[in-house]
Amino acid sequence: MTSTEIEEAMRPPLIRSFSQLEELDPDRPVVTLFSGGLDSSYLLLRLRRMGVREVHAVSVDIGEDESSTYKEQVAEALGATIHILDRREEFAGRYIAPAIVAQAVYLGIHPVSSTLSRPLIAHSAVELARGLGAQAVLHTANRSQNTLRRLNGALRLLGYEGAFGSPYDLDAVTRDDKLVELRHAGIDLLAGRIVSGDSNLWCREFESGILDDPELHEVPEEMYAWSRPTAAPGTTDTLTVDFEHGLPVALDGESLPLTEIVDRLNRRVGAYVLGRYSGLEHLDHGEKVLEIREMPAAWLLLSSYRHVESACLDAEIIREKRHLEQVWTREALEGRWFGELRLAVQAFIDTCASRTTGSVTWQLRTGGADTRSITAGRPLYLRDREAWEELSIDAESAPFAQSRALQLATA
């Protein structure tokens, strides 16, 4: 056996069922990823019943909908120690920013979202687990969720030494059974939720429940928070986004951190009902599920970046980059954010970003937007075509004119 094979053989097994949790040492800490939802709350209940004395529920704050107070109440009621980690700035700078320059859009359908958050969540959990000497990092993704391979892939590539995985992978527990058991334990979660949701400062996403069937789905308008039609009929809004070396740095001339730019754009762009997406995304074995998103800031920032990039980079570079963008997106989607190929592609994309500086001015209207200005620090575009044609012709004709003049002079 090779050293890698020996190392893999010595690793704790991947946790895929609730029965495997019985093998945990009740006297050693366990870290769970905790959203405050039904699945993560039920996992805390099961661990408590198994007698695990030290359960640490980690919630990574990247701008989600659920309140910290609510999460604290549920975790405390289930005997867990909660850790709420504010990672919004890191999420924006180290995950959203690279996705903008990589134009990370799934098969041209929708910008990626949970693909970006899962590596950060996994990294935060591993840091906490190592600091606590925890024996396991548990999450609650099931096999109909892409999160399963993304979290497991990130935890594996991060080299976490303990056991990890989701007991829901092989053990499906019905929603009603989870609700009943939690109620008996004094936890009365919202039973009226009709979809599964995931949110962060980049995206609000809905799936499952009433949205299970791609052939028949209608999203209740009240589910949308950012892209509601709040702009007065017939009005427009003009805004400008500035980029420096690939990074959005200002909105309407005001220098702002990326978190603030995204937050403001979600509301300003969303007021004109822009940035809604629906589409199918594949599961681990090729089956596909429907997902609905609202991402107004992503819609505008990705479009703006492409305009500025086009003004700064040669067309051949952009053509090659477009191919590598899908490689980058595929690697991230498949749980290989920390893998060598994504990092190698990132190096090329970052080189392109280093030359991408400029701004785009938009005029927003209900259901659409138009560019009003595209500028670049070192532009490749022409501002006066006729003047350029004259100069181009003069430059190309100059050698012939000189040769002709020389011939006449020596005749």
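K.L.:
Lay out helix α5 (residues 88-101) with the relevant residues and their values.
P.N.:
Taking 1.5 Å as the rise per residue, α5 with 14 residues should run 20 Å; its terminal C-alpha atoms sit 19 Å apart, in good agreement. A maximum bend of about 30° is found in α5 at Tyr95, where proline Pro98 lies one to four positions downstream. Within α5, the full set of buried residues consists of Phe91, Ala92, Tyr95, Ile96, Ala97, Pro98, Ala99, Ile100 and Val101. Trailing α5 by a residue or two, Gln103 shows a phi angle of about 50°, which is positive.

K.L.:
Lay out the sheet that holds strand β7 (residues 163-165) with the relevant residues and their values.
P.N.:
Pairing is parallel across the open sheet formed by five strands, whose spatial order is β3-β2-β1-β6-β7. Each having just a single partner strand, β3 (81-86) and β7 make up the two edges of the open sheet. Within this sheet the neighbouring strands show an average axis-to-axis angle of 20°, counted without direction. Of the strands in this sheet, β1 (30-33), β2 (55-61) and β6 (136-138) touch helix α3 (residues 38-49), which is tilted by about 160° from β1.

K.L.:
Tell me about the pairing of strand β9 (residues 203-207), and please be specific about residues and values.
P.N.:
With five of five residues buried, β9 is to be regarded as a mostly interior element. Neither face of β9 is exposed, since Cys203, Glu205 and Glu207 on one face and Arg204 and Phe206 on the opposite face are all buried. Across five bridges, strand β8 (residues 196-200) lies against β9 in antiparallel orientation. Residue pairing across strands places Asn200 opposite Cys203, the latter belonging to β9. Between the antiparallel neighbours β8 and β9 lie two residues. In terms of strand pairing, β9 meets strand β14 (residues 288-294) through three bridges, oriented antiparallel. Bridging from a neighbouring strand, Arg204 pairs with Glu294 of β14.

K.L.:
So, the sheet that holds strand β15 (residues 358-365): which residues are in play, and what are the values?
P.N.:
One open sheet accounts for five strands, arranged β12-β11-β10-β15-β16; its pairing is antiparallel. Either end of the sheet is taken by a strand with one partner, and the two such strands are β12 (254-255) and β16 (368-376). Both strand β11 (residues 247-251) and β12 contribute to a ladder of two bridges, which runs antiparallel. Bridge assignment links Leu251 to a residue of β12, and that residue is Glu254. In this fold helix α9 (residues 258-270) packs onto β10 (237-244), β11, β12 and β15, with an angle of close to 65° to the strand it touches most, β11.

K.L.:
So, the state of the cysteines: which residues are in play, and what are the values?
P.N.:
The tally for this structure, following the rule as stated, stands at zero disulfides. Here Cys312 is not cross-linked by a disulfide; its sulfur's nearest cysteine counterpart is in Cys352, at 11 Å.

K.L.:
Go over the packing of aromatic side chains, please, and point to the residues and values.
P.N.:
Tallied over the full model, the rule gives eight aromatic pairs. Here Phe18 and Tyr42 contribute two aromatic rings whose centre-to-centre distance is 6.0 Å and whose plane-to-plane angle is 75°, an arrangement assigned as edge-to-face. Placement of Phe18 in helix α2 (residues 18-21) and of Tyr42 in helix α3 is noted, with a sequence separation of 24 residues between them. The pair formed by Phe18 and Tyr42 is uniform in burial state, with each residue classed as buried. Put simply, the rings of Phe91, Tyr95, Trp328 and Trp337 pair up and form one aromatic cluster. Sitting over the face of the ring of Trp337, Arg342 holds its NZ or CZ atom 3.8 Å from the ring centroid.

Reading the values: the criteria
Residues numbered from 1 in each chain as written. Predicted model: local features only at pLDDT ≥ 70, side-chain atom pairs only at ≥ 80, totals over all residues. Heavy atoms only, no water. Helix = DSSP H or I, 4+ residues; strand = E, 2+ residues; numbered from the N terminus. Expected span 1.5 Å × (residues − 1). Bend = angle between axes of the 7 residues up to and from the residue. Buried < 20%, exposed > 50% of the residue type's maximum accessible area, 1.4 Å probe, protein only. Pairing = 2+ DSSP bridges. Axes fitted to C-alpha atoms, helices over the stretch in contact; angles between N-to-C directions. Contact = heavy atoms within 4.5 Å. Disulfide = S-S within 2.5 Å. Phe/Tyr/Trp six-rings, centres within 6.5 Å; stacked < 30°, edge-to-face > 60°. Lys NZ or Arg CZ within 6 Å of the ring centre and 35° of its normal.

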